[in-house]
Amino acid sequence: MSVDALRGFDMFWIIGADSLVYALNDMSRTQPTKFLANQLDHADWAGFHFYDLIFPLFVFIVGVSLVFSLGKTIANAGRAEALKRVVIRSVLLFALGIFYSGGFSHPWPDIRLMGVLNRIALAYFFAGLLFCFCRLRTLIAICAGLLAGYWALMTFIPFPDVRPTPQTQIIEKESGFTKISQLNMASTNLLRGTFLKGVNLSNYIDQKYLPGRKYDGTWDPEGILSTLPAIGTCLLGVFAGFLLKNQKVKDHRKVIYLLSFGIASVALGWLCGIQFPVIKKIWTSSYVLVAGGYSAILLGVFYQIVDVWKWRKWCRPFVWIGMNSITIYLTGDILNGFDGLAERFAGGDIKTFFDMSVTEGFGELMISIVGLLLAFWLAHFLYKRKIFLRL
């Protein structure tokens, strides 16, 4: 249950808890609320905020879960069936990722091929294949190789500096609208070992080779090359899954190992960040270690509270969400966020009434609360009726 609860806790911040904190900050403007609001926004580039943990924590949990799900499939139906499951789930999840990003509502090339669900699909696919064929020691070596190899590629491989010059900033006509060209793809000036926004090997590969729409204009935070360390994040979850599944290790030992690894990983990540900065948008190896360490710490805390101490009533709403996480995630997107639906119940004059009768910003707080309640209601509705939409 701790894994489902942690997954639901992770989704809780995506479906509306962040807007609740923003509303509290807009209403009070105190130092604590400003700090919390800042933590619930991504670091602009280098650095790490709490919100930078949400995505890798989910990828980490995918790794934990596949140890149990694929392990059971291999034991009951064989490796071939497990491989079939990995392929089918990955393809479906990748397709849902394209749908989440707008699907085919826009003409090509304004279709995004890489995104959050797409990265989860690719990380699950490769981690799942490796789990089916490799032993634990081999997986550890592969994970280390991915992180070290990504650092080496980003540090030593030269790439053209495609930043625009005055001569390349020309007006172009494309798809019926005017835009300013932002890249000088003919550049022969080579760079290496730079990790600036838009000026690094990972972003260059997206600029040159990633088709379709990029989230950040000319590159994508879920791009091609940065998928390699994301597989490492999933493998860190696989290692945690092996630990939880090992019946020879006592529960209190499992918690100690998770917390110890988490602390050591965070420390090592920040140490490595001196040379290879902690940057979410290119998923640096140091970022993998920092986020993976915090993920292990959270898993250890949840495992101790939920599965060892059996304190479970407080986390049941998180379990409802965690057992239908993809469904809740997609539903929120289709509804333009649960806050958008909540405005139909508490927006307009009702919001104005709260702002005037209580204090400015209270109406937005009520919309955030109603949005979260609607999300919890949907998750509970599906849970009570045993409707679990899985891939």
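Look a little higher up for the structure.
The shown structure was predicted, so the numbers you read here are calculated from the model rather than taken from an experiment.

### Concerning the pattern of salt bridges
Applying the stated criterion across every chain, the model contains 11 salt bridges. When the shortest N-O distance is used, the salt bridge between Asp 4 and Arg 7 registers 2.6 Å. Here Arg 7 and Asp 4 lie together in helix 1 (residues 2-28), a separation of three residues that amounts to about one turn. Linking Asp 220 and Arg 112 is a salt bridge whose minimum nitrogen-to-oxygen distance equals 2.8 Å. Linking Asp 220 in the loop between helix 7 (201-209) and helix 8 (227-245) with Arg 112 in the loop between helix 4 (79-100) and helix 5 (116-133), this pair joins segments that are 108 residues apart in sequence. Comparing Asp 220 with Arg 112, the two get one shared label, buried. Bridged by salt links that share partners, the residues Arg 112, Asp 220, Glu 222 and Lys 280 form one connected network.

### With respect to the nonpolar core
If you look at the biggest cluster of nonpolar residues, it comprises 91 residues, and the most contacted ones within it are Trp 13, Leu 66, Leu 235 and Leu 299. Tallying contributions element by element places helix 3 (residues 54-77) first for this core, with 12 residues. With near-sequence residues (within four places) excluded, Trp 13 lies in contact with Asp 18, Val 21, Leu 40, Phe 50, Tyr 51 and Ile 54. Core analysis: the second largest hydrophobic core is formed by 15 residues, Tyr 150, Tyr 204, Trp 219 and Ile 282 among them.

### Here's the deal with the packing of aromatic side chains
All told, the structure shown has 26 aromatic pairs when counted by the stated rule. An angle of 75° between the planes, with centres 5.4 Å apart, marks the rings of Trp 13 and Phe 50 as edge-to-face. Linking Trp 13 in helix 1 with Phe 50 in the loop between helix 2 (31-39) and helix 3, this pair joins segments that are 37 residues apart in sequence. When its relative accessible area of 16% is taken as the criterion, Trp 13 is described as buried. For the pair Phe 55 and Trp 283, a centre-to-centre distance of 5.1 Å together with 85° between the ring planes defines the contact as edge-to-face. Here Trp 283 lies in the loop between helix 9 (251-272) and helix 10 (285-308) and Phe 55 lies in helix 3, a separation of 228 residues in the sequence. By the burial criterion, Phe 55 is buried, and Trp 283 matches it.

### So, the side chain of Thr 155
For Thr 155, the position within the fold is in helix 6 (residues 136-156). Setting aside chain neighbours within four positions, we find Thr 155 in contact with Arg 192, Gly 193, Phe 195 and Gln 275.

### Brief notes about the packing of helix 1 against helix 12 (residues 325-334)
Remark: helix 1 packs on helix 12, axes separated minimally by 10 Å, with the N-to-C direction vectors making an angle of 5°. Between helix 1 and helix 12, the angle falls in the class roughly parallel. Only Ser 325, Ile 328 and Tyr 329 of helix 12 make contact with helix 1, whose side of the interface consists of Arg 7, Met 11, Ile 14 and Ile 15. Split by residue class, the contact of helix 1 with helix 12 holds five nonpolar, one polar and one charged.

### Observations regarding the packing of helix 8 against helix 9
In the contact formed by helix 8 and helix 9, the axes pass within 10 Å of each other and the chain directions differ by 160°. Considering their axes alone, helix 8 and helix 9 lie roughly antiparallel with respect to each other. With respect to the hand of their crossing, helix 8 and helix 9 are arranged in right-handed fashion. Seen from helix 8, the contacting residues are Leu 236, Ala 240, Leu 243 and Leu 244; seen from helix 9, they are Lys 254, Tyr 257, Leu 258 and Phe 261. Of the residues contributing to the contact of helix 8 with helix 9, the split by class is seven nonpolar, no polar and one charged.

### Some thoughts on empty space enclosed by the protein
Sizing a probe to match a water molecule and rolling it over the atoms shows the empty space that remains. If you walk through the whole model with that rule in mind, you get one cavity of 30 Å³ or more. What the largest cavity holds in volume is close to 40 Å³. Forming the walls of the largest cavity are Phe 159, Pro 160, Asp 161, Val 162, Arg 163, Leu 191, Gly 198, Val 199, Asn 200, Tyr 204 and Gln 207. Contributions of two or more residues to the lining of the largest cavity are made by strand 1 (159-160) and helix 7. Looking at the lining of the largest cavity, its residues break down into six nonpolar, three polar and two charged.

### Regarding a nonpolar patch on the surface
On the surface, a cluster of nonpolar side chains totalling about 240 Å² of accessible area is made up of Ile 88, Leu 92 and Leu 391. Along the chain, Ile 88 falls in helix 4.

### Considerations on the environment of Gly 269
By secondary structure assignment, the location of Gly 269 is in helix 9. Sequence-wise, Gly 269 and Thr 165 are 104 residues apart; in three dimensions their C-alpha atoms are separated by 36 Å. Once residues lying within four places of it in the same chain are set aside, the contact partners of Gly 269 are Val 278, Ser 286, Leu 289 and Val 290.

Conventions and cut-offs
- Residues numbered from 1 in each chain as written.
- Predicted model: local features only at pLDDT ≥ 70, side-chain atom pairs only at ≥ 80, totals over all residues.
- Heavy atoms only, no water.
- Salt bridge = Lys/Arg side-chain N within 4 Å of Asp/Glu carboxyl O.
- Helix = DSSP H or I, 4+ residues; strand = E, 2+ residues; numbered from the N terminus.
- Buried < 20%, exposed > 50% of the residue type's maximum accessible area, 1.4 Å probe, protein only.
- Core = buried A, V, L, I, M, F, W, Y, C linked by side-chain atoms within 4.5 Å.
- Contact = heavy atoms within 4.5 Å.
- Phe/Tyr/Trp six-rings, centres within 6.5 Å; stacked < 30°, edge-to-face > 60°.
- Axes fitted to C-alpha atoms, helices over the stretch in contact; angles between N-to-C directions.
- Parallel < 35°, antiparallel > 145°, perpendicular 65-115°, else oblique.
- Nonpolar A, V, L, I, M, F, W, Y, C, P; charged D, E, K, R; others polar.
- Left-handed = near helix turned anticlockwise from the far one by under 90°.
- 1 Å grid on protein atoms, 1.4 Å probe; cavity = no way out; pocket = protein on both sides within 12 Å on 5 of 7 lines; lining within 4 Å.
- Points joined across faces, edges and corners; volume = space filled by probe spheres on them.
- Patch = residues over 30% accessible without salt bridge, like charges linked within 9 Å, V, L, I, M, F, W, Y side chains within 5 Å.
- Areas by Shrake-Rupley, 256 points an atom, 1.4 Å probe, with all protein chains shown as cover.

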